[in-house]
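Chain and residue survey
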Amino acid sequence: MRRLPRPSARSPCHPDALRCRCGVALTLGALFVLALVGASGDSEPTANSGPIRSAMTIQTPEGHPALTQNQIATVTKRYQKLGDDINAFNSRLIEINERLYEERYLEHVVRSENQTEMCYREYSGVLIQKTIPEARIEIVAGIKEMEKEFKDLTTRRDAAMRELDQLKERYRLQQTPVNEIIRQRAAEQSAKMIEMQEQQAQTNAFNKNGASNTH
């Protein structure tokens, strides 16, 4: 009995070709920041894959008023929802792809068998006797149903990816190392502190001069 070859890694149906293009987005706690959780490198981030290593910064679209906290929260939630949906679609596509391979191989075997013989098929743990032609009809119908679901999920997955890309473009989402964001925020706070100290020094000097002139 010859075993059918597995799908090529170049095939869009191969599990290796179905990795999600984005990860799960979570709020980092600061405004205008979406944190991506996951390992660095080419691996895709997931909710449980490791510590925060990078983050997505949000910018107000050009020509629009500054984003409110509610709008930032809405963008964050939508980004997370799209990431979750894409991951779920890809997981299901990989599962269907594996089942399709098994069912196509089974159909190939059944087609090669003596069509006058009987076989057994399992239904909810119960073996039911079928003729070879009957079994093949059911297998082919199942393959067509899975192919339809695969196509539908692929369409929905691609639509979610397009919306995610549009979201990134509209809000200029940029991936930045968390350490760099912390450094930038620390520098901003330090600059504000220095400015406040200078203003306080000027105020003290003005008050001192005013007191001297009074005497």
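The rules behind each value
- Residues numbered from 1 in each chain as written.
- Predicted model: local features only at pLDDT ≥ 70, side-chain atom pairs only at ≥ 80, totals over all residues.
- Heavy atoms only, no water.
- Helix = DSSP H or I, 4+ residues; strand = E, 2+ residues; numbered from the N terminus.
- Buried < 20%, exposed > 50% of the residue type's maximum accessible area, 1.4 Å probe, protein only.
- Contact = heavy atoms within 4.5 Å.
- Areas by Shrake-Rupley, 256 points an atom, 1.4 Å probe, with all protein chains shown as cover.
- Patch = residues over 30% accessible without salt bridge, like charges linked within 9 Å, V, L, I, M, F, W, Y side chains within 5 Å.
- Salt bridge = Lys/Arg side-chain N within 4 Å of Asp/Glu carboxyl O.

Looking only at helices and strands, one finds 3 helices and 6 strands in the chain. Going residue by residue from the N terminus, the α and β elements of the chain occur as β-β-β-α-β-β-α-β-α. Across the 215 residues in the chain, those meeting the buried criterion constitute 30%. Restricting to contacts in the chain with at least 6 residues of sequence separation, those with at least 24 account for 62%. For the chain, the computed accessible surface area is about 14600 Å², with 51% contributed by carbon and sulfur atoms.

There is a patch of nonpolar side chains on the surface, built from Y123, V126 and I128 and spanning about 230 Å² of accessible area. With respect to the element layout, Y123 can be found in strand 4 (residues 118-123). The exposure class assigned to Y123 is partly exposed, which follows from its relative accessible area of 33%.

A full pass over the atoms with the stated rule returns 12 salt bridges. Across the pair D152 and R156 runs a salt bridge whose closest N-O atoms are separated by 3.8 Å. Of the two residues, D152 and R156 both sit in helix 2 (residues 132-170), 4 residues apart, roughly one turn of that helix. Overall, the relative accessible area of 39% leaves D152 in the partly exposed class. Accessibility expressed as a relative area gives 44% for R156, which makes it partly exposed. Each of the salt bridges in this network shares a partner with another, and the network as a whole consists of R92, E95 and E149.

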